[in-house]
Amino acid sequence: MIAPTAGPGALVLAVLTALGFGAFLWRAYQLYRYMRLGRDEDRTAHLGRRFRDELLVYLGQRKLLKRPYYVRGAAHALIFWGFLVITYGTADLLLSGILGWRMPGTDSGVFVWTVDLFAVAVLTSVLIALYRRAFVRPPRMHIALDGYVILGLISLLMLSLLVFENAGVAAGVLAAGQTPPPLATALRFRYPGDLSFTLFAGAWWVHVLTVLAFAAYLPQSKHLHIATTLPNVFFRSQRPRGALDLVDKIEERETFGAGSVRDLSWKQLLDGYTCTECGRCSDQCPALATGKPLDPQKIVLDVRDQLLREGARLVRDGGERGTPPARWTPAKTEELWACTTCAACVEACPVTIEHIDKIVDMRRWLAMNEGDVPAEAQRALTNIERAGDPWGLPRDTRADWANGLGVPTFAEKPDAEYLYFVGCAASYDGRNQKVARAAVEVLRAAGVSFAILGNEETCNGDPARRIGNEYLWQTQARQNIDTFTKYGVRKIVASCPHCFNTIANEYPQLGGSYEVLHIQQLVQRLVADGRLAMRDGAARETVAYHDPCYLGRHNGVYDAPRDLLDAVPGVERVEIEPHHRERGFCCGAGGGRMWMEEKVGQRVNHRRIEQIMALDRQASKVASGCPFCLIMLEEGVGAKGIGDRIRPVDVLELVAARLPKNEVANA
Amino acid sequence: MKILVCIKQTPDSTVRVKVASDGRSIDTAGVTWAISAYDEYAVELALEHKDRDKESTVTVLSAGPARARDSLRQALAMGCDDAILVTGPSAETLAPLAVARALAKVIEETKPDLVLCGRQASDDEQGFVGPALAEVLGWPHVATITKFAPADGGVDAWKEVEGGHEVWRANGPAVLTVQKSEKEPRYPSLPGIMKAKKKEIPERDPASLGIDASAPAPEIVKMAPPPARGAGKVIKDGDAKAAAAQLVKLLREEAKVL
């Protein structure tokens, strides 16, 4: 269309465009300077994966189109894709209005059709979004004026677009050979007199001015995500999800963790700008769901709000340290200690925000700088330090669970293929010792060559790292790595997902790289290879599978345990829908919560038991692959007094019970 | 206020203690060592005072083998200002009274306003050194305190008694033995640990302090672990009435408690 900017119009538009984009750039520059207050962090490695993420997560909107958000996700994807096309058209409008230039292809029928279709689609999506805000009002959604302003601006953009196209065609302002927009001109209005040109020019100007107002308003609002999602996805962490960031050269540092916004990395601050307050993370958080003060969305928004509050001051004064997180908002420390690091929030976030890293960085400050850790958690740390296990049970009784089983240590069998890393829970906790014994029976039955470290094994350090005591984690990890090196260990199998995760994903940060498997992965392979025979000895049973967070979400091990369960004769597997696989609900014990009291709200494990008991297809057992899950499920079943209806077990126990030699005992 | 805390290094409470082959001492192979529990309370109590009054200083003092240095460092990491170790060839076998005399020598040199000890060590549970130290110094001694506060050039000490507490006052320097601190002993912050690593811990040799290692002391003639506990008995047979009858019978005839 020929722009209605004859005479001084072009100059006026040029000035207004400069003002609109100037306001945008000025604020963007401010925000960039605040962001650079964060500590340096290199996020440039793995370029290939970064470009792939841009295609899938940014352009492809993959993380938006997830259950249970298909409709909302699709509405958003339409608005997003629509905007990509329409923005190209907007550039064309401004260029033609100021300089008379055209963007290539804007005359083509394909482009005109696309803009037209998307304009209607976006308008429809905006109506859905308005309806949800005004009437559905999802409890986790942050409903504020900002959202309405943005939706209002988008509607105005689309309406004015449709009006100026319609009136423009009537006024005959189409350039020679240009295709008329089909939907906008479908209604063949008859405009009295010469009103069609006035209407065209008016709507055109409204549209263009709305674009400029949008540009100026954008960086003041949560809608900034349309500008920041692109870099935020590009610079997302490419570490394994289960690995926390290493605190390098820890002995030379003077402060540890996040004592102010300055100590969070620039990417963590960018996360704050990118949060669009959709509340999907809050929807999935087990702590929030059971009445704890933690809300993962608030963790991210507090970072942003604090940065906006003191950013200007910190930029001016390079010597100013900034406010510690504990003083950002009331009850901040309670929020931080309520996290189980289950990664439900990280999984749910459509714009790849990393919640756990922020929480752990703030915990690191509390734990290492302030020595301010809940007393029970502190006891666990002291126990790890002194006894090598969080319960504080004697070091030299670590291998007592294996008494009489004749399990060799690496010292006795240096040529063993696998190290079975037993872990503290299976070594000391009575219930989990049974799982360790079952693991030994299964590995033996399949003829796997393995040995344990005996009393030379020590806690892998996972609880310490997640409570925030990085130093203790590094001490424990180094001790284990030294022992592995001493015996030339190359392959490790662990029956605890926390041991598995930290050895597989975090020990490489300290130079310890091994081939690490969770025992269910190994046993599933053995079964698939025909190396392990099971017989249908016991009665048929229905078994619900509970995904441990550090097996499932943190490491993507969803199928091996399911395949293994399906291979167990007489077992029928049921899913704990909808809280299964990537939406699995935490047992409440991760992130060091195993050793902290849970006094606020409902206990997370009790909620989990309720979910299991509410299934249509009632299970007689709930199977997991994690000692902490097992302890929590046992406690939940015990507290609810339903031990006669459902028994928590480890998948390995189901396998061991069907080994030929155990059949008689079970019959 | 200048506070000095005497600590002893003992096996950590998480260690399963084994009797050595001589039958009269413990096997120290593989043992993790720590500050004796009540001494740790004493350190915490001193630091709680230092938290309130930044002018105060806390010195830790220990007499024992060279490994006791690690426990002094732990106390420094918790926040104590300096540490002194009395050690040397004879330090391993110092009789308790000789320990008190050696500590007293150092205390006479450093001239603190107040000395804190744990009420007893968690290895031999003798509770000897604190009162003996007060005796050697000629200072007053208050036992099993839970709180103290400076008062008119001396100190007030709280001790819990049946149904309440008493406040005792010493008009000058005193030795207090500690029952418990207000809070659980603090966990050192990492900067604290790093700072403690760099601190010098001066050593004093008992001989150079003029201490004779031998002093009247009882001798341990035998050490034995507690007898192993037998397995419990579960009465499974019969209905509640029969089970109750059997329980009464067993309590009377086997356990002999009725």
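Residues numbered from 1 in each chain as written. Chains lettered and ligands numbered in written order. Predicted model: local features only at pLDDT ≥ 70, side-chain atom pairs only at ≥ 80, totals over all residues.

Novice: I'd like a rundown of the overall build of chain B, residues and numbers included.
Specialist: Looking only at helices and strands, chain B has 6 helices and 11 strands in total. Residues counted as buried form 39% of the 258 residues belonging to chain B. In chain B, 70% of the contacts between residues at least 6 apart in sequence involve partners at least 24 apart. (Helix = DSSP H or I, 4+ residues; strand = E, 2+ residues; numbered from the N terminus. Buried ≥ 20, exposed ≤ 12 C-beta atoms within 10 Å, placed from the backbone. Contact = placed C-beta atoms within 7 Å.)

Novice: If you had to explain the overall build of chain A to someone new, which residues and values would you point to?
Specialist: A tally of regular secondary structure across chain A gives 26 helices and 8 strands. Expressed as lengths along the three principal axes of its C-alpha atoms, the size of chain A is roughly 100 × 60 × 45 Å. Taken across its 667 residues, chain A has 48% of its residues classed as buried.

Novice: Just give me the short version of the pairing of strand β1 (residues 418-421) of chain A, but keep the residues and values in it.
Specialist: Residue and element names in this part refer to chain A. Covered by surrounding structure in β1 are Tyr418 and Tyr420 together with Leu419 and Phe421, the residues of both alternating faces. Examined bridge by bridge, β1 and strand β2 (residues 450-451) share 2 bridges and lie parallel to one another. Its bridge partner being in β2, Tyr418 is matched across the sheet by Phe450. Bridge count for β1 against strand β3 (residues 491-494) is 4 bridges, and the pairing is parallel. Within the sheet, the bridge partner assigned to Phe421 lies in β3 and is Ala494. (Pairing = 2+ DSSP bridges.)

Novice: Describe in detail helix α22 (residues 559-567) of chain A, supporting the description with residues and values.
Specialist: All names here are of chain A. Those residues of α22 lying buried are Ala560, Pro561, Leu564 and Leu565. Seen end-on, α22 carries its buried residues on one side only, within an arc spanning 130°. Buried positions along α22 lie against α21 (519-528), β5 (541-545), β6 (571-575), β7 (621-624) and α25 (651-656). (Arc of directions from axis to C-beta.)

Novice: Describe in detail unusual backbone geometry, supporting the description with residues and values.
Specialist: Leaving glycine out, the prevailing phi sign among residues is negative, and the prevailing peptide bond configuration is trans. All names here are of chain A. In this chain, Glu577 is followed by Pro578 through a cis amide linkage whose omega measures 0°. Relative to the elements of secondary structure, Pro578 occurs in the loop between β6 and α23 (604-613). For Glu277, which is not glycine, the phi torsion reads 60° and is therefore positive. Mapped onto the elements, Glu277 comes out in the loop between α8 (266-274) and α9 (280-284). According to the C-beta neighbour criterion, Glu277 is partly exposed, with 19 such atoms within 10 Å. One non-glycine residue, Arg581, adopts positive backbone phi at about 50°. With respect to the helices, strands and loops of the structure, Arg581 is situated in the loop between β6 and α23. Judged by the 19 C-beta atoms lying within 10 Å of it, Arg581 is partly exposed.

Novice: Requested: an account of the domain arrangement of chain A, with residues and values cited.
Specialist: All names here are of chain A. Along its sequence, chain A is organised into domain 1 (9-234), domain 2 (250-372), domain 3 (385-527) and domain 4 (535-666). Computed from C-alpha coordinates alone, the two centres of domain 2 and domain 3 are separated by 32 Å. In this complex, domain 2 contributes 10 residues to the contact, which on the side of domain 3 involves 7 residues. (Domains from an automatic or database assignment.)

Novice: Go over the sheet that holds strand β4 (residues 515-518) of chain A, please, and point to the residues and values.
Specialist: Residues and elements named next belong to chain A. The strand order across the open sheet formed by 4 strands is β2-β1-β3-β4, and the pairing between neighbours is parallel. The open sheet has two free edges, formed respectively by β2 and β4, since each of these has just one partner strand. Its contacts with the sheet put α21 on β3 and β4, and the angle it makes with β4 is roughly 85°. (Axes fitted to C-alpha atoms, helices over the stretch in contact; angles between N-to-C directions.)

Novice: Got a sec to walk through the nonpolar core? Specific residues and values, please.
Specialist: Tyr420, Ala439, Val442, Ala494 and Leu652 of chain A are the most contacted members of the largest nonpolar core, which totals 183 residues. At 10 residues, helix α6 (residues 195-217) of chain A tops the list of elements feeding residues into this core. Every residue in contact with Tyr420 of chain A, bar those within four places of it in the chain, is listed here: Ala439, Leu443, Phe450, Ile452 and Val493 of chain A. Counting 61 residues, the second-largest nonpolar core is a separate cluster that includes Leu72, Ala98, Val99 and Leu116 of chain B. (Core = buried A, V, L, I, M, F, W, Y, C linked by C-beta atoms within 7 Å.)

Novice: Explain the interface of chain B and chain A to me, using residue names and the numbers behind them.
Specialist: On the side of chain A, 21 residues touch chain B, which itself brings 15 residues to the contact. The element best represented in the side of chain B that touches chain A is helix α5 (residues 190-198) of chain B, accounting for 3 residues. Its residues assigned to classes, the side of chain B that touches chain A shows 7 nonpolar, 4 polar and 4 charged. (Nonpolar A, V, L, I, M, F, W, Y, C, P; charged D, E, K, R; others polar.)

Novice: Please provide a residue-by-residue account of the sheet that holds strand β6 (residues 114-118) of chain B, values included.
Specialist: Residue and element names in this part refer to chain B. Judged by pairing direction, the sheet is mixed, and its 9 strands sit side by side in the order β9-β8-β7-β10-β6-β1-β4-β5-β11 without closing on themselves. Every other strand in the sheet has two partners, leaving β9 (164-170) and β11 (203-204) as the edge strands with one partner each. Direction of pairing for strand β7 (residues 141-151) relative to strand β10 (residues 174-178): parallel, over a ladder of 3 bridges. Across the sheet, residue Val142 finds its bridge partner in β10, namely Leu176. With respect to the sheet, helix α2 (residues 68-78) is in contact with β4 (57-63) and β5 (82-86), its orientation differing from that of β5 by roughly 165°. Contacting β1 (2-6), β6, β7 and β10, helix α4 (residues 129-137) crosses the sheet at an angle of about 180° to β10.

Novice: Any chance you could break down the environment of Ala143 of chain B for me, citing the residues and the numbers?
Specialist: All names here are of chain B. Inspection of the secondary structure puts Ala143 in strand β7. According to the C-beta neighbour criterion, Ala143 is partly exposed, with 19 such atoms within 10 Å. In this structure the C-alpha to C-alpha distance between Ala143 and Pro131, which are 12 residues apart in sequence, comes to 8.1 Å. Ignoring anything within four residues of it in the chain, the contact list for Ala143 reads Arg119 and Thr177.

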